[in-house]
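Remarks on the overall topology
One-letter residues, chain by chain:
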Amino acid sequence: MARGAEQTAVRGIVGADSRASDDPVRTRLHALRTGLEAGLIGASGLVERLLIGLLTGGHLLIEGAPGLAKTRAVKRLADGLDTGFARIQCTPDLMPADLTGTTVWRPDGGRFEFLAGPLFHSLVLVDEVNRAPPKVQSALLEAMAEGQVTVAGITHPLPDPFMVVATQNPIEHAGTFPLPEAQLDRFLLHVVVEMPDEASERRILDLVEGEMTEEATPMPVRLTVEELRAARAAALKTHVSPALKDFLVRLVAATRGGPAAADLRGAIEHPVSPRGTLALMLAGKARAYLHGRDHVVPDDVMALAGDALAHRLALTWRAAAEGQTARAVVAGLLDRVHPL
Ligand SMILES: Nc1ncnc2c1ncn2[C@@H]1O[C@H](COP(=O)(O)OP(=O)(O)O)[C@@H](O)[C@H]1O
Ligand SMILES: [Mg+2]
């Protein structure tokens, strides 16, 4: 990105919060954001969530029809990070060792040696995760939850930072293995990407045409691991008031058929667990930090509630048959449960 554009981006932050100028990492993060948005038309929500994943150490599941720039988004993020990156293209014949790595016998040295698989990178794109067979999915989800991989009885720690961004086609597509509901909550956020509107699509044509004839716009920054760690530490320090924590608890309690939503008791098979409440709080902190604030506001929680909670909520068969969706349930709760 041109120097002028980067400076405009910096002024944007300073406008939001004058303390941002004391925080060079936040300024670099903002440049990363601007660079991502420059190559991903109409995707500011997705970009924000990718950065929230980075800042919280959380994993992301991005869902959408083919051709909506899911892969492109993650590759572009990798271009803006000075960390290791691997892409795993899932197919039905993939095996767990294709992700984790294998132990091989070295006759010359007379010993076994572990050959680390693609999971041993700081940013891992697991493309079309619902085309991978269940054994691969469960190896992946275990690695995401534990930050380590066990091969032939030996445990190997994954890098730190370690972030998985998985993409999937809408679940009803043929030839796919839907991720098990109980394991979906390993993902911090489940982001759904929609078709672009006409104006955005028009800009996509210009952008991609330009890239085919000229050089693609490079990312303006490459964040180092140290910068990422510093940004994470700063984002974690973002303040959440007791009243806002109460709001988070009331919101999640409502998925358990609490007083705010007694009518939902018959619609929810599995409510959101405390892991979901924590995820929403952490994601809210990261969003506040990205917006140049040192405290979380109700808007942070409300903007992320759908992506942080809906995939952790299983509806009853009856509610699903009646056309109810988990996202609609969360949206409905936000109408009823108020911050104060
Ligand atoms: N919002 C967008 N911004 C920029 N390019 C886009 C956008 N949506 C689609 N494209 C273009 O469409 C193509 C498909 O992108 P890709 O990342 O392979 O999609 P997916 O992984 O979702 O199937 C790419 O050439 C990409 O540049
Ligand atoms: Mg793709």
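Residues numbered from 1 in each chain as written. Chains lettered and ligands numbered in written order. Predicted model: local features only at pLDDT ≥ 70, side-chain atom pairs only at ≥ 80, totals over all residues.

So, the domain arrangement of the chain
Entries for the chain in the domain assignment read domain 1 (3-228) and domain 2 (237-336). In this assembly, 21 residues from domain 1 lie in contact with 20 residues from domain 2. Listing elements by their share of the side of domain 1 that touches domain 2, those giving two or more residues are helix H1 (3-16), helix H3 (44-56), helix H7 (181-184) and strand E9 (189-192). Counting residues per element, the side of domain 1 that touches domain 2 draws most heavily on H3, at six residues. (Domains from an automatic or database assignment. Contact = placed C-beta atoms within 7 Å. Helix = DSSP H or I, 4+ residues; strand = E, 2+ residues; numbered from the N terminus.)

A look at the site of ligand 1
Around ligand 1, 16 residues are found, and the nearest of them are Ile 41, Ala 69, Lys 70, Thr 71 and Arg 72. Elements that contribute at least two residues to the shell around ligand 1 include exactly helix H4 (70-79) and helix H8 (198-213). Here the shell around ligand 1 is built from residues that sort into 10 nonpolar, four polar and two charged. (Near = placed C-beta within 6 Å. Nonpolar A, V, L, I, M, F, W, Y, C, P; charged D, E, K, R; others polar.)

Re unusual backbone geometry
With an omega dihedral of 5°, the bond running from Asp 160 to Pro 161 counts as a cis peptide bond. Structurally, the position occupied by Pro 161 is in the loop between strand E7 (154-157) and strand E8 (163-168). Even without being glycine, Ala 69 reaches a positive phi, approximately 70°. For Ala 69, the position within the fold is in the loop between strand E1 (60-63) and H4. Phi is positive for Glu 128, which is not a glycine, with a value near 55°. Following the sequence through the fold, Glu 128 ends up in the loop between strand E5 (123-127) and helix H6 (134-146). The partly exposed category is assigned to Glu 128, around which 19 C-beta atoms lie within 10 Å. (Buried ≥ 20, exposed ≤ 12 C-beta atoms within 10 Å, placed from the backbone.)

Looking at the UniProt feature "domain: ChlI/MoxR AAA lid" (unreviewed entry) in the chain
Feature annotation in UniProt places "domain: ChlI/MoxR AAA lid" (unreviewed entry) on residues 266-330, given in this structure's numbering. With 60% helix and 8% strand, the stretch residues 266-330 has end C-alpha atoms that lie 15 Å from each other. (UniProt positions renumbered as here; feature names shortened; annotations may be inferred.)

Let's talk about helix H11 (residues 274-290)
Spanning 17 residues, H11 covers 24 Å between terminal C-alpha atoms, matching the ideal 24 Å at 1.5 Å per step. Backbone geometry just after H11 places Gly 292 at a positive phi near 80°. (Expected span 1.5 Å × (residues − 1).)

Some thoughts on the environment of Glu 48
Among the structural elements, Glu 48 can be located in helix H3. According to the C-beta neighbour criterion, Glu 48 is buried, with 20 such atoms within 10 Å. Expressed as a C-alpha distance, the spacing of Glu 48 and Leu 290, which sit 242 residues apart in the sequence, is 8.1 Å. When near neighbours in sequence (up to four residues on either side) are disregarded, Glu 48 contacts Arg 287 and Leu 290.

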